[in-house]
Amino acid sequence: MSARTRALAVCTALVLALLVTAVLAPLPYALAYPGMTANVLGTDEGKPVITISGARTRKTSGQLRMTSIVATGPEATVHLPDIVKGWFRTDEAVMPREAVYPVGENTEEIAEHNAQQMRESQDTATSAALGQLGKSGDDIKVKLSLADVGGPSAGLMFALGIVDKLDGDGAGHDLTGGRTIAGTGTITAGGKVGAVGGVPLKTQAARRDGATVFLVPRKECADARAELPKGLRLVPVSTLDGAMDSLKALRTGGKVPSC
């Protein structure tokens, strides 16, 4: 074997070794999928999602569904073939690990962080809803119960659910208009809607569970359109008040914003 041939063989072996290492090496990504949805106007594990005391509540129709994603755990390893496969699937997304698990290195720490975010989201959703209606949190108490869901992204749907149970559209009608409405978005106590992650996967979860309308944070319209399921209408929102106006317009046939 000539020196040239030996050198080529060595280089080829090195390249192959590097390729194998790249394929087998764990990468700092997580794989995410459409998760569960839950009707905040209904029950979860036999308990009402929204319980209100200190004020008369309405009987509602239709559904307001919060949406979620599920992702590979913090201890899971993701390799190059997994990422390549995820890029070509519409029901799977490749996300930077820190975007899915911004804190903690194990399942317990992350679960506690997500649970704390959910508790804070529920508090701000209650404040936003009562503030929207001009009602006092001193007289009206709201309890929110949703098992096995963490994070802040259900804030908008919680707030809409509280408003619907207390006041509907303010004219004796349901905010839903009898439809199955899904959505996502954080919310502040002042009623501002914020962006969240995994919107394309959440639209798929929403359509799978019967939604025909999806409320999406306005800044994430482009993401929502990317993999939009057939039969699902996007309605961009930036405030709780704007979301309510859009739902009223859907029921009455008025002008509804679109992405």
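## Overview of helix α4 (residues 107-133)
Consideration 1: Between its terminal C-alpha atoms α4 stretches 39 Å, which fits the 39 Å expected from 27 residues at 1.5 Å a residue.
Consideration 2: Tucked into the core, α4 has its buried residues touching β7 (141-144), α5 (155-166), β9 (186-187) and α8 (240-252).

## Things to note about the environment of Leu166
Consideration 1: Along the chain, Leu166 falls in helix α5.
Consideration 2: For Leu166 and Arg56, which are 110 residues apart along the polypeptide, the C-alpha to C-alpha distance reads 6.9 Å.
Consideration 3: What Leu166 contacts, discounting residues up to four positions off in sequence, is Ile52, Ala55, Arg56, Thr57, Arg58, Leu130, Leu133 and Lys135.

## A look at the side chain of Asp164
Consideration 1: Residue position: Asp164 is located in helix α5.
Consideration 2: Residue Asp164 is classed as buried on the basis of its relative accessible area of 0%.
Consideration 3: A polar contact of 2.9 Å, which involves the side chain of Asp164, links it to the backbone nitrogen of Leu175.
Consideration 4: Residues within four places of Asp164 in sequence aside, it is in contact with Leu41, Arg58, Thr60, Leu64, His173, Asp174, Leu175 and Thr176.

## Some points on the pattern of salt bridges
Consideration 1: Taken as a whole and assessed by the stated rule, the structure comprises four salt bridges.
Consideration 2: For Arg251, the salt bridge identified is with Asp169, shortest N-O distance 3.3 Å. Remark: Asp169 occurs in the loop between α5 and β8 (180-183) and Arg251 occurs in helix α8; sequence separation between them is 82 residues.
Consideration 3: A salt bridge links Arg208 to Asp209; the shortest N-O distance between them is 2.9 Å.

## With respect to the packing of α4 against α5
Consideration 1: At their nearest, the axes of α4 and α5 sit 8 Å apart, and the two run at 40° to each other. Judged by the inter-axis angle, α4 sits oblique to α5. Regarding α4 and α5, the two cross each other, and that crossing is right-handed. Contact residues: α4 offers Met118, Ser121, Gln122, Ala125, Thr126, Ala129, Leu130 and Leu133, while α5 offers Gly155, Phe158, Ala159, Ile162, Val163 and Leu166.
Consideration 2: Across the contact of α4 with α5, the residue classes tally to ten nonpolar, four polar and no charged.

Here is what the cut-offs are and how they apply
Residues numbered from 1 in each chain as written. Predicted model: local features only at pLDDT ≥ 70, side-chain atom pairs only at ≥ 80, totals over all residues. Heavy atoms only, no water. Helix = DSSP H or I, 4+ residues; strand = E, 2+ residues; numbered from the N terminus. Expected span 1.5 Å × (residues − 1). Contact = heavy atoms within 4.5 Å. Buried < 20%, exposed > 50% of the residue type's maximum accessible area, 1.4 Å probe, protein only. Polar contact = N/O pair within 3.5 Å; in protein donor to acceptor, adjacent residues only side chain to side chain. Salt bridge = Lys/Arg side-chain N within 4 Å of Asp/Glu carboxyl O. Axes fitted to C-alpha atoms, helices over the stretch in contact; angles between N-to-C directions. Parallel < 35°, antiparallel > 145°, perpendicular 65-115°, else oblique. Left-handed = near helix turned anticlockwise from the far one by under 90°. Nonpolar A, V, L, I, M, F, W, Y, C, P; charged D, E, K, R; others polar.

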